[in-house]
Amino acid sequence: MKLITAIIKPFKIDDVRDALASIGIQGMTVTEVKGFGRQKGHTELYRGAEYNVDFMPKIKIEVAVADDMLDQTVEVITESANNGKVGDGKIFVVELSQVIRIRTGETGEEAI
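The name given to the protein chain in an unreviewed UniProt entry is Nitrogen regulatory protein P-II 2, and the organism recorded there is Arenicella chitinivorans.

Some details on the overall build of the protein chain
When helices and strands are tallied, the protein chain shows two helices and six strands. Going from N to C terminus, the protein chain has its helices and strands arranged as β-α-β-β-β-β-α-β. Computed over the C-alpha atoms, the radius of gyration of the protein chain is 17 Å, more than 25% above the 13 Å expected from 2.2 N^0.38 for a compact globule of 112 residues. Projected onto its principal axes, the C-alpha positions of the protein chain cover 60 × 25 × 20 Å. Here the contacts in the protein chain between residues at least 6 apart in sequence split such that 73% fall between residues at least 24 apart. Of the roughly 7,600 Å² of accessible surface on the protein chain, 50% is carried by carbon and sulfur atoms. When the 14 positive and 18 negative side-chain charges of the protein chain are each reduced to one mean point, those points stand 8 Å apart.

With respect to the sheet that holds strand β2 (residues 29-35)
The strand order across the open sheet built from four strands is β2-β5-β1-β6, with neighbouring strands paired in antiparallel fashion. The open sheet has two free edges, formed respectively by β2 and β6 (89-95), since each of these has just one partner strand. Between one strand axis and the next, the sheet turns by 20° as a mean value, whatever way the strands run. As paired strands, strand β1 (residues 2-8) and β6 are joined by seven bridges and run antiparallel to one another. When the bridges of β6 are listed, Lys2 appears paired with Glu95.

Topic: the pattern of salt bridges
Inspection of the entire model under this criterion finds seven salt bridges. Put simply, Arg17 and Asp14 hold a salt bridge, and the shortest N to O gap is 3.3 Å. Linking Arg17 with Asp14, this pair stays in helix α1 (residues 13-22), spanning three residues, or about one helical turn. Since its relative accessible area comes to 41%, Arg17 is described here as partly exposed. Measuring nitrogen to oxygen at the nearest pair gives 2.8 Å for the salt bridge that ties Glu106 to Arg101. One salt-bridge network, held together by shared partners, links Lys2, Asp67 and Glu95.

Rules used in this analysis
Residues numbered from 1 in each chain as written. Predicted model: local features only at pLDDT ≥ 70, side-chain atom pairs only at ≥ 80, totals over all residues. Heavy atoms only, no water. Helix = DSSP H or I, 4+ residues; strand = E, 2+ residues; numbered from the N terminus. Rg over C-alpha atoms; globule rule 2.2 N^0.38 Å. Contact = heavy atoms within 4.5 Å. Areas by Shrake-Rupley, 256 points an atom, 1.4 Å probe, with all protein chains shown as cover. Lys, Arg positive; Asp, Glu negative; His and termini not counted. Charge placed at Lys NZ, Arg CZ, Asp CG, Glu CD. Pairing = 2+ DSSP bridges. Axes fitted to C-alpha atoms, helices over the stretch in contact; angles between N-to-C directions. Salt bridge = Lys/Arg side-chain N within 4 Å of Asp/Glu carboxyl O. Buried < 20%, exposed > 50% of the residue type's maximum accessible area, 1.4 Å probe, protein only.

Below is the structure:
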């Protein structure tokens, strides 16, 4: 089992959610976050004053998947979140050693 964490641009969340649903991904956790990478923020003008915006608004999506769904899930996220510009985001994949559904006590892939 793997935990996929994707950091994407906020306006891409609907595209990613729909793409994941189309391959049978049933659940995800979505969090509004801020950060920067190579994009390094930008400068904005507000009431005549210029100021730096160091942290860009992003969306963090977390999805737990079975090992056999990993490649397809990463591909779908990559395709649907790609805008072709700096700041499109990153995908991180980590191993899950245990998953437990609290309500039923199911464990492993049955709990995903």
